[in-house]
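Here are the chains, one letter per residue:
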Amino acid sequence: MSGSASFWLFHIPNIALAAALYTLIGRFLLSLFFRPQSELVIWRVFCQITNPLLSAIRAVTPALVPNGMLYLFGVIWILILRIALLLVATMYGFLPTAGA
């Protein structure tokens, strides 16, 4: 596989997972300061971005986990996905190398 293709094949999913991870962390931190029904724009934007993600996380997380801790479980699930991506990229040889 060419160097450019293997670079993007690894980094695009990695960047998307990192963005989801940091957005979940941001929503968790904002939830400490804002009420769930807050009308502030920053809170509404974070809710609109993370609600579909939290719905997917709720599907794979046991129902025993309360909604307040769902953000933290989401962070754990996304970290597991990023590690799995790294392992798969290493195993199949499309992990980009540093240098020329």
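About the cut-offs
- Residues numbered from 1 in each chain as written.
- Predicted model: local features only at pLDDT ≥ 70, side-chain atom pairs only at ≥ 80, totals over all residues.
- Heavy atoms only, no water.
- Salt bridge = Lys/Arg side-chain N within 4 Å of Asp/Glu carboxyl O.
- Buried < 20%, exposed > 50% of the residue type's maximum accessible area, 1.4 Å probe, protein only.
- Core = buried A, V, L, I, M, F, W, Y, C linked by side-chain atoms within 4.5 Å.
- Helix = DSSP H or I, 4+ residues; strand = E, 2+ residues; numbered from the N terminus.
- Contact = heavy atoms within 4.5 Å.
- Patch = residues over 30% accessible without salt bridge, like charges linked within 9 Å, V, L, I, M, F, W, Y side chains within 5 Å.
- Areas by Shrake-Rupley, 256 points an atom, 1.4 Å probe, with all protein chains shown as cover.

Caption draft 1: Examining the pattern of salt bridges more closely. One pass over the structure, following the stated rule, counts one salt bridge. Linking E39 and R44 is a salt bridge whose minimum nitrogen-to-oxygen distance equals 3.5 Å. For E39, a relative accessible area of 60% corresponds to the exposed category.

Caption draft 2: Molecular detail of the nonpolar core. Listed in full, the ten residues of the largest apolar core are L17, A20, L21, L24, L54, I57, L70, Y71, V75 and I78. Broken down by secondary-structure element, the contributors of at least two residues to this core are α1 (3-31), α2 (41-60) and α3 (70-92). In this structure L54 touches L24, R27, L70 and Y71, once residues within four positions along its chain are discounted.

Caption draft 3: Structural view of a nonpolar patch on the surface. On the surface, a cluster of nonpolar side chains totalling about 570 Å² of accessible area is made up of Y22, I25, L29, L32 and F33. Take Y22: it is sitting in helix α1. Y22 sits in the exposed class, given a relative accessible area of 54%.

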